[in-house]
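# Analysis of the macromolecular model
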Amino acid sequence: MNDNNVSTSIKKPSLWSRFRAWRIKKSIEIDHWSRKKPFRRKMYLNRSLYAMMAPYLIMFTCFTVAPVVMSFMLGFTYFNMLEAPRWVGWQNYIDLFLNDPIFITAIKNTLIIALITGPLGYIMAFVFAWLINELPQKLRAIITLVFYAPSIAGGAITIWALIFASDIYGYANAYLTDWGIIHEPITWLQNATYILPIVIIVQLWMSLGVNFLSLIAGLKGIDRNQYEAGAVDGIKNRWQELWYITLPNMKSILIFAAVIQISGALGVGAVTTALAGFPSVAYAGHTIVNHLQDYGSIRYEMGYASAIATILFFSAILLNRLIRRIIRKVGS
Amino acid sequence: MAKVKKTKDPSQKALTLKERRNERKSKMIDSRPFAEIASFKILYKSKKKKRVNRSKAGDLVLFIFLSLSGILSVLPLLLIINNAFKPLDEIFLYPPNFFVRNPTLDNFSDLGVVLGTSLVPFSRYFFNTILITVVGTVGHLIIASMCAYPLAKYKVPGGGIIMGLVTYSLMFPSAVTGIPNYMILNWFGLIDTYWAIILPVIASSLGLYLMKQFMIPVPMELLESAKIDGASEFKIYWKVVMPLVKPASITLVILNFKALWAADGSTYIYREDYKMLSYALSQIASAGPARQGTLAAVALIMITVPIVMFIISQSNMIDTMAHSGMK
């Protein structure tokens, strides 16, 4: 009995060892296969690196690359999540620009917000970072916190709704009445003329984020000796120093900060919803992102919403290329 | 013999210690001739004076501007802190008080009462947020840095394309991918689960970008010596590279924490007991003006956590950002 058992175990290897043998055989096969072409060979030799990259790349493909491609393709269809998408060609885009006055309003609002908060927020971030840079360490840390806190404090936006509340107890109304500037409370967030300026203020208040930190770091990293050399070479004041030494030295950081700033400025949507409601009065605070949410998550017209997303995508990319080209020219 | 050895040993030790001390001292002492040092110091001083070649008036104007805008930036946050401790009659007061007169903790105890009567126990919302934040943050840190290491240190075929895609993905607002994301999550059957919030955040590209940039200066010799010692790529990444990029890790944690802490997740999650803290708190706000004090207490809780985390990690974040440059 015992002998018999041993002999069978020798005859039939265990599952694990069979698997190992299979793996070795397979790997030799793949090794031979990979020898035929140099690129293949390189990929094979780096297989442990690819294994490390795989989890992120799979998720990145699923949640960033594929969505962009999908929204580009769905933009040409009518799709309501229930039926299969139906090809409609350019119809969505034609509708957006010719038959949808609210979209035109949204573009206008987004452009106003982006053109003000984008450059202004960027300049603000740079100027503050630049001024902070000359302060002693401790003070610098405190002021950095002061400017960065609004952007990291996600729940803080509720306070603006209270400040601009429409009754006398809203802080803006109360103080303005108290100082005799206005005589009856203004309905700030229900009044189409005030919504956009308030959104811009709040957006600016929150715009000193990652870009601000990177600008601080960029300024900090510039070699002090360069300023001394510059002083010898005849740089007279801080403005010349800024243009000839500081800016050219941190071009790459400037580009990074601009990229973050642009995607922030074009992506305004949560702020308008939190302040002016959804939809806002007379669509005064309606942005492209709001329009996208309207069709995407309320009306379920996914094709139409995808067309909006595609427009947003391409305008962001184009704007980025333009701004990069401008920044590369700085100081030269 | 033995005696000699005994006396010799400690003396040798003392000598080596002394030698080491001397060596250390000699490293600290400037080895240049004195005249050169002196002239350098004078030059340095004169240049330093020249560098601060700026008008006092300009300084003053700029710093008044800086402090004014600093105050403007911090005022709303101060208002939150003050309102959280104001009794209700002080919040609805005309003319208004900015600062609290009679601080109370009523708002917080009210918050406790409101949450005690909610449909789902408050601890459940809290648990959801903590779970999602921790899993999302740790997952993103590990998965993104594991991908960043080969991209930063090796010429992997396809690496350039991947980095190009990642850089492009930083350029557009996240709303672009919102709808297809919903559809993809729906296909995988992940709507109404924690993963619907966690997975897109793990795949966010800013963390990968910053991590990759921070890993580039890690010396290649270190990796090679580890490889000679027989470490696998994963081991090198985990044991050698990760301890060196701690500032970047902390930055990734903070950025992700910030995103997840404030997320309300109501677009992906419909089940009440899976909803997150900030959703529950926003429901309190919708109950009307009588809850204004409670709302401020809520806001105070929501903003304190990320701000405290930032205070702790500020210098690390700035270290990381120093490498964020883009061509």
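Since we're looking at a predicted model, the values are computed, not measured.

Take the overall build of chain A next. Counting its regular elements, chain A contains 17 helices and two strands. Here chain A has a C-alpha radius of gyration of 29 Å; the compact-globule value for 332 residues is 20 Å, and the former is much larger. Look at the contacts in chain A between residues 6 or more apart in sequence, and 64% of them connect residues 24 or more apart. Entry remark: accessible area of chain A is about 16700 Å², with carbon and sulfur atoms responsible for 66%.

Residues Arg 321, Arg 325, Arg 328 and Lys 329 of chain A make up a contiguous surface patch of positive charge. Inspection of the secondary structure puts Arg 328 of chain A in helix 17 (residues 302–328).

Put simply, an interface is often sized by how much accessible area is lost when its parts join up. Opposite the 101 residues of chain B that make contact, chain A presents 100 residues. Summed over both partners, the interface of chain B with chain A comes to about 8800 Å²; 77% of that surface belongs to carbon and sulfur atoms. Run the count over chain B and chain A and you get 14 residue pairs in polar contact (both at pLDDT 80 or more). Broken down by element, the side of chain B that touches chain A gets its largest block of residues, 16 residues, from helix 3 (residues 56–84) of chain B. Partitioning the side of chain B that touches chain A into residue classes produces 72 nonpolar, 19 polar and 10 charged.

This next bit is on helix 5 (residues 91–99) of chain A. Residue and element names in this part refer to chain A. Taken residue by residue, helix 5 has Asn 92, Tyr 93 and Leu 96 as its buried positions. Considered in projection along helix 5, the buried side chains sweep an arc of 100° and stay on one side of the axis. For helix 5, the exposed residues lying more than 90 degrees away from the buried face are Leu 98 and Asn 99. Of the surrounding secondary structure, the elements contacted by the buried residues of helix 5 are helix 4 (47–74), strand 1 (77–78), helix 6 (101–132) and helix 17.

Moving on, we get to the packing of helix 5 of chain A against helix 17 of chain A. Two measures define how a pair of helices packs: the angle their axes make with one another and the distance between the axes. All names here are of chain A. Interaxial distance between helix 5 and helix 17 falls to 9 Å at its minimum, and their mutual angle equals 75°. The orientation of helix 5 with respect to helix 17, classified from their angle, is roughly perpendicular. Contact with helix 5, carried on its side by Asn 92, Tyr 93, Asp 95, Leu 96 and Phe 97, involves Gly 303, Tyr 304, Ala 307, Ile 308, Thr 310 and Ile 311 of helix 17 and no other residues of that element. In the contact of helix 5 with helix 17, the residues fall into seven nonpolar, three polar and one charged.

Within the largest apolar cluster, 182 residues are counted, with the highest numbers of intra-cluster contacts made by Phe 212 of chain A together with Tyr 149 of chain B. Beyond its immediate sequence surroundings of up to four residues, Phe 212 of chain A is in contact with Ala 125, Phe 128, Ala 129, Ile 132, Thr 144, Phe 147 and Tyr 148 of chain A. Counting 13 residues, the second largest nonpolar core, distinct from the first, contains Leu 111, Leu 115, Val 120 and Ala 280 of chain B.

All names here are of chain A. Scanning the entire structure with this criterion turns up seven salt bridges over all chains. For the salt bridge of Lys 26 with Glu 29, the shortest nitrogen-to-oxygen distance reads 3.6 Å. In this pair, Lys 26 and Glu 29 both sit in helix 2 (residues 15–35), three residues apart, roughly one turn of the helix. We classify Glu 29 as partly exposed; its relative accessible area is 42%. Of the charged contacts, one joins Asp 294 and Arg 299 as a salt bridge, the two residues approaching to 3.0 Å between their closest N and O atoms. Judged by its relative accessible area of 8%, Asp 294 is buried. On the basis of relative accessible area, Arg 299 is assigned to the partly exposed category, the value being 40%. Sharing partners across several salt bridges, the network here consists of Asp 31, Arg 35 and Arg 41.

Overall, the coordinates contain zero disulfides over all chains when judged by the stated rule. Lacking any disulfide linkage, Cys 62 of chain A is separated from the closest cysteine sulfur, that of Cys 147 of chain B, by 14 Å. Judged by relative accessible area, which is 0%, Cys 147 of chain B ranks as buried.

The calculated volume of the second largest pocket comes to roughly 790 Å³. For the second largest pocket, the lining is made up of 24 residues, of which Trp 160 and Ile 201 of chain A together with Leu 72, Leu 75 and Pro 76 of chain B are closest to its centre. No other element matches the seven residues that helix 3 of chain B contributes to the lining of the second largest pocket. Looking at the lining of the second largest pocket, its residues break down into 22 nonpolar, two polar and no charged.

On to the domain arrangement of chain A, then. On domain assignment, one finds that chain A holds domain 1 (1–45) and domain 2 (91–328). With centres defined by C-alpha atoms, the gap from domain 1 of chain A to domain 2 of chain A works out at 59 Å.

A word on the side chain of Asn 109 of chain A. Residue and element names in this part refer to chain A. Secondary-structure assignment places Asn 109 in helix 6. From its side chain, Asn 109 meets the backbone oxygen of Tyr 283 in a polar contact 3.1 Å long. Beyond its immediate sequence surroundings of up to four residues, Asn 109 is in contact with Leu 196, Tyr 283, Ala 284, Gly 285 and His 286.

Negative phi is the rule for most residues except glycine; trans is the rule for most peptide bonds. Each neighbour pair has its own omega, and for Phe 278 of chain A with Pro 279 of chain A the value is -5°, a cis peptide bond. Considering the arrangement of structural elements, one finds Pro 279 of chain A in the loop between helix 15 (270–276) and helix 16 (288–298). A positive phi angle, near 75°, is found at Met 81 of chain A, a position not held by glycine. On the basis of relative accessibility, which here comes to 24%, the residue Met 81 of chain A falls in the partly exposed class. The phi torsion at Asp 192 of chain B lies on the positive side, around 75°, for a residue other than glycine.

The rules behind these values
Residues numbered from 1 in each chain as written. Chains lettered and ligands numbered in written order. Predicted model: local features only at pLDDT ≥ 70, side-chain atom pairs only at ≥ 80, totals over all residues. Heavy atoms only, no water. Helix = DSSP H or I, 4+ residues; strand = E, 2+ residues; numbered from the N terminus. Rg over C-alpha atoms; globule rule 2.2 N^0.38 Å. Contact = heavy atoms within 4.5 Å. Areas by Shrake-Rupley, 256 points an atom, 1.4 Å probe, with all protein chains shown as cover. Patch = residues over 30% accessible without salt bridge, like charges linked within 9 Å, V, L, I, M, F, W, Y side chains within 5 Å. Salt bridge = Lys/Arg side-chain N within 4 Å of Asp/Glu carboxyl O. Lys, Arg positive; Asp, Glu negative; His and termini not counted. Charge placed at Lys NZ, Arg CZ, Asp CG, Glu CD. Buried area = accessible area lost by both parts, 1.4 Å probe. Polar contact = N/O pair within 3.5 Å; in protein donor to acceptor, adjacent residues only side chain to side chain. Nonpolar A, V, L, I, M, F, W, Y, C, P; charged D, E, K, R; others polar. Buried < 20%, exposed > 50% of the residue type's maximum accessible area, 1.4 Å probe, protein only. Arc of directions from axis to C-beta. Axes fitted to C-alpha atoms, helices over the stretch in contact; angles between N-to-C directions. Parallel < 35°, antiparallel > 145°, perpendicular 65-115°, else oblique. Core = buried A, V, L, I, M, F, W, Y, C linked by side-chain atoms within 4.5 Å. Disulfide = S-S within 2.5 Å. 1 Å grid on protein atoms, 1.4 Å probe; cavity = no way out; pocket = protein on both sides within 12 Å on 5 of 7 lines; lining within 4 Å. Points joined across faces, edges and corners; volume = space filled by probe spheres on them. Domains from an automatic or database assignment.

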